[in-house]
Structure formats: structure tokens, C-alpha cells
Amino acid sequence: GDNQFPPAMVVTARARSFLYHQVRLLVGVLKAVGAGDILPDEMPRLLAAKTPSALPAMAPGTGLFLAGVEYEGVDLEYKEEGRTTDATVEHATSRC
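All residue numbers refer to position in the chain's written sequence, counted from 1. Confidence filtering applies because this is a predicted model: local features only for residues at pLDDT of at least 70, side-chain atom pairs given and counted only at 80 or more, and all residues used for totals across whole chains, interfaces and linings. Based on all heavy atoms of the structure, the side-chain values leave hydrogens and waters out of the count.

S.K.: Any chance you could explain the overall build of the chain here in plain terms?
M.R.: Along the backbone of the chain there are two helices and four strands. A helix here means a DSSP run of H or I that spans at least four residues, while a strand means a run of E at least two residues long, and both kinds are numbered starting from the N terminus. Moving toward the C terminus, one meets the helices and strands of the chain in the order β-α-α-β-β-β. Every one of the 96 residues in the chain was classed for burial, and the buried ones make up 19%. Long-range contacts, defined as pairs at least 24 residues apart, comprise 61% of the intrachain contacts of the chain with a sequence gap of at least 6. Throughout, the Shrake-Rupley method with a 1.4 Å probe supplies accessible areas, and for residues the shown protein chains are the sole cover considered. Total accessible area on the chain is roughly 7400 Å²; 55% of this is exposed by carbon and sulfur atoms. Only protein chains enter the accessibility calculation, which uses a 1.4 Å probe. A residue is then buried if its area is under 20% of the maximum for its type, exposed if over 50%, and partly exposed in between. Note on definitions: a residue-residue contact is assigned when non-hydrogen atoms from the two residues lie within 4.5 Å.

Quick look at the structure:
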């Protein structure tokens, strides 16, 4: 049958830490490159600008979610829809 959901992208981001809106900016840039709004060759210039205002629009916060957090040497668990799951993966999805 027909797909009832709009296209989605899944981004897995792993880092020691993240800056404010860093993942939303990353997803916005990936979307802009994928849509052909900016060329991959433009990335060095955009990064050299060292300001978010040089980047395409960040992904909206709606649809993005943190699936989990992992700390080295720490055993964490979190509850999701009534079940307990090991917290091992960080990722965000956005319906753009």
C-alpha cells in the first residue's frame, strides 16, 4: 500500500559532548546538501566561517529525539513505552 509517512532521515550522532543546537545544525546541513541547495565543496568555507549564521537553516526541533545516552564505565537504563532498555545509541530523526 501507500506509505502513510513523509520521507524521513535517520542520523546517528556520537560524540563526547554536543554544543547547543549542534545536531539540529548538522541535520539541516545534511538536508541542504541532499536537496542540492548547497554543494559538498562548500563545506570547508562554511566551517571556516565558524558561525551558525553561515549555515543553511537548522532542522526543526519537532521530530528530533534523543534515543539514548551512553557513558563509558556507567551502566544506564531508561524506560521506553513501558519497557526497560540499555541506553547505548544516540540518534535523531527528522521528517523534513
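So that's the structure; there's more coming.
S.K.: I'm lost on the layout of surface pockets in this one. Help?
M.R.: In this approach a probe as big as a water molecule rolls over the atoms, and the regions it shows empty are the leftover space. Using protein atoms alone on a 1 Å grid, points that fit a 1.4 Å probe yet trap it form a cavity, whereas open point sets bounded by protein on both sides within 12 Å along at least five of seven lines form a pocket; residues with an atom within 4 Å of a point count as lining. Grid points are joined across faces, edges and corners, and a volume is the space filled by probe spheres set on the points. The volume enclosed by the second largest pocket comes to roughly 380 Å³. Along the walls of the second largest pocket sit 18 residues, with Gln22, Leu25, Leu26, Leu47 and Leu55 positioned nearest its centre. Counting residues per element, the ones that place at least two in the lining of the second largest pocket are helix H1 (22-34) and helix H2 (43-49). At five residues, H1 tops the list of elements feeding residues into the lining of the second largest pocket.

S.K.: For this particular structure, what's the right way to read the pattern of salt bridges?
M.R.: Opposite charge on two side chains lets them pair, provided their charged atoms get close. Salt-bridge detection follows one rule: a side-chain nitrogen of Lys or Arg within 4 Å of a carboxyl oxygen of Asp or Glu. Under the definition given, this model contains one salt bridge. Its salt-bridge partner being Glu42, residue Arg45 comes within 3.0 Å of it at the nearest N-O pair. Classification of Arg45 as exposed rests on a relative accessible area of 52%. On the basis of relative accessible area, Glu42 is assigned to the partly exposed category, the value being 25%.

The values are spatial; any link to function lies outside them.
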